[in-house]
Amino acid sequence: MSAAMDTESTYSGYSHYSGHSKKAHRQGRDRHKSPRSKDGSRSEKSVTIQTPPAEPLLGNDASRAEEGQDDNWGETTTAITGTSEHSISQEDIARISKDLEDSVGLECKRYLGLTVAAVLGLLVFLTPIAFILLPQILWRDDLEPCGTVCEGLFISVAFKLLILLIGTWALFFRQPKADIPRVFVFRALLLVLIFLFVFSYWLFYGVRILDSKDTNYQGIVQYAVSLVDALLFIHYLAIVLLELRQLQPMFTVKVVRSTDGESRYYSLGHLSIQRAALVVLENYYKDFTVYNPALLTASKSRAAKHMAGLKVYNVDGPGNNASGQSRAMIAAAARRRDSSHNELYYEEADHERRVKKRRARLVVAVEEAFTHIKRLHAEEQQKAPGEMMDPREAAQAIFPSMARALQKYLRTTRQQQYHSMESILQHLSFCITNNMTPKAFLERYLSPGPTLQYDRDRWFSKQWTLVSEEAVTSGLQDGIVFVLKCLDFSLVVNVKKIPFIKLSEEFIDPKSHKFVLRLQSETSV
């Protein structure tokens, strides 16, 4: 019911944009063929801007055939529907509840890991300080006096702890970009190593210093300094394992989108499968064009129309089996195969012609709209004859003159579901603010852009599923194939190892570059 209300509000909102009433819809093609009436001539001037929140600029008309529409169909058409294309079943409810449970589990796992790392980090930084302070608290009167060397070690410990604190903050305390299905092996290994290292230092400190109440305070401070030095080396090991190891490219991965076959190539280093999947997804959102399922409906409708034209007649009576009918359909399809490519050719040629025509109209409309705006300088603002407007008001003033051309172009190229009216107004206001040209404004709409360019709610998939025959914590190897699935499509990733390249050297003496001019009797030299 909500989808029906959304569909009705979308079409009714944009019928208001073109300034038509239900009377125009009842008149139909008669009014389209007749000369423009008084109301029709006023429709271009009475355009008002109303921004329906989260509504696309155009209704999703992918299911409607566009071949029977002329260039002026928007002037006499008002579409109101009460049907809904979305439904929910018990299986969907169960799947949604399972996804909620999984998300709760991921949140608990993430916060548990952060808590363990924070507690261990706090223990690491407090341990050297505790090693130095405990003898002063428990048996201060029995300690030997701390000389100049001992006091210099205090400064060394303080600065080393400060360096360690800054390095730990820069390396570990970063906002996570994603939740991975398994633990990061090297990070878990470093946490275990640090825990065992600190535990062994505390064990030795308790047995040899606390129990015996060692009076050599300078030796105790040097023991704390050795702990800080070892922690700095572990931090260096963490930088090598977590950051430097993966920088050298070792593999080339080919990422193919399953629906339309769009592909990209990326170079990766020594990574696990799950971390390689994260790198692929990060590059997907900025490199791949936005997924548009409306572009796939044309081929499906063409195939359905082609098969619908086949009829099978049972001339032998009802006793004949179904295999004969299937063979007859295959034979008929084979006979029609020769003419199907002609239909495809003319359909694509007609679609390209319409796109070029409406693109030209859009470019002209936008250029004419931008000519009505003039930026006022500081000294001109005092003597401006007309009413001054901010960028948002200027965008609302010139948008109606280009709205109809933009609407038709987005419908023809099937991009209407990715551009709401509010997003277009914001982009137009941004272009006016930064003194951008009409060509810069149209760049977003004339060709599909990367996925990140569009509204997050229209493309972002909150759940990706990693499918792999190998363990996701294992490293990349030559020939590994894994799949990243979301609700509408999947990304197939094929891993190939970069081959070993052998270069040989050949020296050429610069003095060996000598030439001679060969003359013939026919030449004029």
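Residues numbered from 1 in each chain as written. Predicted model: local features only at pLDDT ≥ 70, side-chain atom pairs only at ≥ 80, totals over all residues. Heavy atoms only, no water.

Further remarks concern the overall build of the protein chain. Looking only at helices and strands, the protein chain features 15 helices and five strands. With 525 residues in all, the protein chain has 30% of them scored as buried. Summarising the internal contacts of the protein chain: among those between residues at least 6 apart in sequence, 76% fall at separations of at least 24. Carbon and sulfur atoms provide 58% of the accessible area of the protein chain, an area that totals close to 34,500 Å². (Helix = DSSP H or I, 4+ residues; strand = E, 2+ residues; numbered from the N terminus. Buried < 20%, exposed > 50% of the residue type's maximum accessible area, 1.4 Å probe, protein only. Contact = heavy atoms within 4.5 Å. Areas by Shrake-Rupley, 256 points an atom, 1.4 Å probe, with all protein chains shown as cover.)

On to the UniProt feature "transmembrane region" (unreviewed entry) in the protein chain. As recorded in UniProt, the feature "transmembrane region" (unreviewed entry) lies at residues 111-133, 153-172, 184-204 and 224-244. Taken as a whole, residues 111-133 contains 100% helix and 0% strand, while its terminal C-alpha atoms sit 32 Å from one another. For residues 184-204, helix accounts for 95% and strand for 0%, while the C-alpha atoms at its two ends are 31 Å apart. (UniProt positions renumbered as here; feature names shortened; annotations may be inferred.)

Quick look at the state of the cysteines now. In this structure the tally under the stated criterion is one disulfide. Each sulfur of the disulfide joining C146 and C150 lies 2.0 Å from the other. A torsion of -115° about the S-S bond marks the disulfide between C146 and C150 as left-handed. (Disulfide = S-S within 2.5 Å.)

Here the focus is the sheet that holds strand β3 (residues 465-468). The five strands are arranged β2-β1-β5-β4-β3 in an open sheet whose pairing can be described as antiparallel. Single-partner strands in this sheet number two, and they are β2 (263-268) and β3. The average undirected angle you get between the axes of adjacent strands in this sheet is 25°. Pairing of strand β1 (residues 251-257) with strand β5 (residues 490-497), which is carried by seven bridges, proceeds in the antiparallel orientation. By the bridge assignment for β5, V255 is matched with V493. (Pairing = 2+ DSSP bridges. Axes fitted to C-alpha atoms, helices over the stretch in contact; angles between N-to-C directions.)

Turning to unusual backbone geometry, a few remarks are in order. Look at R414: it is not a glycine, yet its phi comes out positive at around 60°. Along the chain, R414 falls in the loop between α12 (391-412) and α13 (421-433). Exposure remark for R414: the relative accessible area of 17% places this residue in the buried category. Unlike most non-glycine residues, N435 shows phi in positive territory, near 55°. Relative to the assigned elements, N435 resides in the loop between α13 and α14 (438-446).

Bringing the nonpolar core into the picture now. The biggest cluster of nonpolar side chains holds 29 residues, and the ones touching the most others in it are F131, F197 and Y217. Those elements that provide at least two residues to this core are α5 (90-138), α6 (148-171), α7 (185-210) and α8 (217-244). Among the elements that make up this core, the one with the highest residue count is α8 (eleven residues). With near-sequence residues (within four places) excluded, Y217 lies in contact with I132, P135, Q136, L143, E144, C146, C150 and F154. Core analysis: the second largest hydrophobic core is formed by 26 residues, A405, Y409, L425 and I432 among them. (Core = buried A, V, L, I, M, F, W, Y, C linked by side-chain atoms within 4.5 Å.)

With that settled, consider the pairing of β5. Judged from the five bridges that link them, strand β4 (residues 481-485) and β5 form a sheet pairing that is antiparallel. If you follow V483 over to β5, its bridge partner there is V492. The antiparallel hairpin formed by β4 and β5 contains four residues in its connecting segment.

This part covers the packing of α13 against α14. Packing of α13 against α14 leaves a shortest axis separation of 9 Å and a crossing angle of 150°. As far as their axial angle goes, α14 and α13 are roughly antiparallel. Between α13 and α14 lies a crossing of right-handed hand. Taking contact as the criterion, the partners of I424, H427, L428 and C431 in α13 are, on α14, A440, F441, R444 and Y445. Classifying every residue of the contact of α13 with α14 by side-chain character gives six nonpolar, one polar and one charged. (Parallel < 35°, antiparallel > 145°, perpendicular 65-115°, else oblique. Left-handed = near helix turned anticlockwise from the far one by under 90°. Nonpolar A, V, L, I, M, F, W, Y, C, P; charged D, E, K, R; others polar.)

Side-chain direction in a regular strand flips from residue to residue, so the side chains alternate between the two faces of the sheet. Relative to β4, β3 runs antiparallel, the two sharing four bridges. Bridging across to β4, S468 finds its partner in F482.

Below, the discussion takes up a nonpolar patch on the surface. Judged by side-chain polarity, F154, I155, F159, L162, L165, I166, W169 and F173 come together as a nonpolar surface patch covering roughly 880 Å² of accessible area. With respect to the secondary-structure elements, W169 resides in helix α6. (Patch = residues over 30% accessible without salt bridge, like charges linked within 9 Å, V, L, I, M, F, W, Y side chains within 5 Å. Salt bridge = Lys/Arg side-chain N within 4 Å of Asp/Glu carboxyl O.)

Summed over the entire model, instances satisfying the criterion amount to eight salt bridges. Here R257 and D260 are joined by a salt bridge, their closest N and O atoms 2.9 Å apart. On the basis of relative accessible area, R257 is assigned to the buried category, the value being 1%. Look at D260 and you get partly exposed, because its relative accessible area is 41%. A salt bridge links K286 to D287; its shortest N-O distance comes to 3.2 Å. With relative accessibility at 43%, the residue K286 sits in the partly exposed group. Judged by its relative accessible area of 25%, D287 is partly exposed. Here the salt bridges share partners, and the residues they tie into one network are R257, D260, E262 and R264.

A word on the packing of aromatic side chains. With the rule as written, the count across this model stands at 20 aromatic pairs. Considering the side-chain rings of F197 and Y201, the 4.9 Å spacing of their centres and the 45° angle between planes classify their relative orientation as tilted. Separated by four residues within a single helix, F197 and Y201 lie in helix α7, roughly one turn from each other. Of the two residues examined, F197 and Y201, each falls in the buried class. (Phe/Tyr/Trp six-rings, centres within 6.5 Å; stacked < 30°, edge-to-face > 60°.)

Our next topic: the side chain of T413. Here T413 lies in the loop between α12 and α13. At 2.8 Å, the side chain of T413 forms a polar contact with the backbone oxygen of Y409. Side chain to side chain, T413 and Q415 meet in a polar contact 3.0 Å long. (Polar contact = N/O pair within 3.5 Å; in protein donor to acceptor, adjacent residues only side chain to side chain.)

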